[in-house]
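# Remarks on the overall topology
Residue strings, one per chain:
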Amino acid sequence: MSIKVYIVEDATAIDLIQNKDLDGFKAYLAEDDTLYFGEPECFDTEAEALAFCAGIGYGVDERAPVERYPLRSCEPDDVPFIEAIEGC
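Summarised in this report is the structure supplied together with it. Nothing here was measured: the structure is a model prediction, and the numbers come from that model.

Thresholds, definitions, all that
Residues numbered from 1 in each chain as written. Predicted model: local features only at pLDDT ≥ 70, side-chain atom pairs only at ≥ 80, totals over all residues. Heavy atoms only, no water. Helix = DSSP H or I, 4+ residues; strand = E, 2+ residues; numbered from the N terminus. Buried < 20%, exposed > 50% of the residue type's maximum accessible area, 1.4 Å probe, protein only. Contact = heavy atoms within 4.5 Å. Areas by Shrake-Rupley, 256 points an atom, 1.4 Å probe, with all protein chains shown as cover. Salt bridge = Lys/Arg side-chain N within 4 Å of Asp/Glu carboxyl O. Axes fitted to C-alpha atoms, helices over the stretch in contact; angles between N-to-C directions. Parallel < 35°, antiparallel > 145°, perpendicular 65-115°, else oblique. Left-handed = near helix turned anticlockwise from the far one by under 90°. Nonpolar A, V, L, I, M, F, W, Y, C, P; charged D, E, K, R; others polar. Phe/Tyr/Trp six-rings, centres within 6.5 Å; stacked < 30°, edge-to-face > 60°.

## Here's the deal with the overall build of the protein chain
For the protein chain, the helix and strand inventory stands at four helices and three strands. When its C-alpha atoms are laid out on the principal axes, the protein chain stretches across 35 × 35 × 20 Å. Residues counted as buried form 31% of the 88 residues belonging to the protein chain. A sequence separation of at least 24 residues applies to 71% of the contacts in the protein chain between residues at least 6 apart. Of the accessible surface of the protein chain, which amounts to about 5,900 Å², a share of 48% is contributed by carbon and sulfur atoms.

Have a look at this one:
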């Protein structure tokens, strides 16, 4: 089974995901028809997906707001958000 990784770049969507607010996230998706989530990156192993995600955060100042947030299909907490993205 391949691992999907979606990269979220919308600040409000990232905030909702980090707060584990699935209902708010779904409402946000429904109300903002300009949101765009690109096709997911797919990897054969969890290690490859984690390495890809580590590259996203490389060199980022931890004190700065998150600008790109990865959602991985191998993470149980991320799966409902991925399903919401794929369902819109």
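## Structural notes on the pattern of salt bridges
By the definition in use, this model includes four salt bridges. Salt-bridge contacts for Glu 86 lead to Lys 4; the nearest nitrogen and oxygen are separated by 2.7 Å. Separated by 82 residues along the polypeptide, Glu 86 in helix H4 (residues 79-87) and Lys 4 in strand S1 (residues 3-8) bring together distant segments of the chain. Glu 86 sits in the partly exposed class, given a relative accessible area of 38%. The residue Arg 72 makes a salt bridge to Glu 75 at a minimum N-O spacing of 3.3 Å. In this structure Arg 72 comes out as buried when scored by relative accessible area, which is 16%.

## A word on the packing of helix H1 (residues 11-18) against helix H2 (residues 22-31)
Running from amino to carboxyl end, H1 crosses H2 at an angle of 160°, the nearest separation of the two axes being 8 Å. One finds that H1 runs roughly antiparallel with respect to H2. The crossing of H1 and H2 is left-handed. Mapping the contact onto sequence places Thr 12, Ala 13, Leu 16 and Ile 17 in H1 and Gly 24, Phe 25 and Tyr 28 in H2. Of the residues that constitute the contact of H1 with H2, the class distribution is five nonpolar, two polar and no charged.

## Focus: the packing of aromatic side chains
In the structure shown here, the tally under the stated rule is three aromatic pairs. Ring centres 5.2 Å apart and planes at 75° place the aromatic pair Phe 25 and Phe 81 in the edge-to-face group. Of the two residues, Phe 25 is situated in helix H2 and Phe 81 in helix H4; the sequence distance between them amounts to 56 residues. In this structure Phe 25 comes out as buried when scored by relative accessible area, which is 0%. Centre to centre, the rings of Phe 43 and Phe 52 are 5.1 Å apart; their planes meet at 40°, and the pair counts as tilted. We classify Phe 43 as buried; its relative accessible area is 14%.

## Topic: the packing of H2 against H4
For the pair H2 and H4, the least separation of the axes is 10 Å and the interaxial angle reads 15°. Relative to H4, the element H2 is oriented roughly parallel. For the pair H2 and H4, the crossing hand works out as right-handed. Where H2 abuts H4, its residues Leu 22, Phe 25, Lys 26 and Leu 29 lie against Pro 80, Phe 81, Ala 84 and Ile 85. Among the residues making up the contact of H2 with H4, the classes are represented as seven nonpolar, no polar and one charged.

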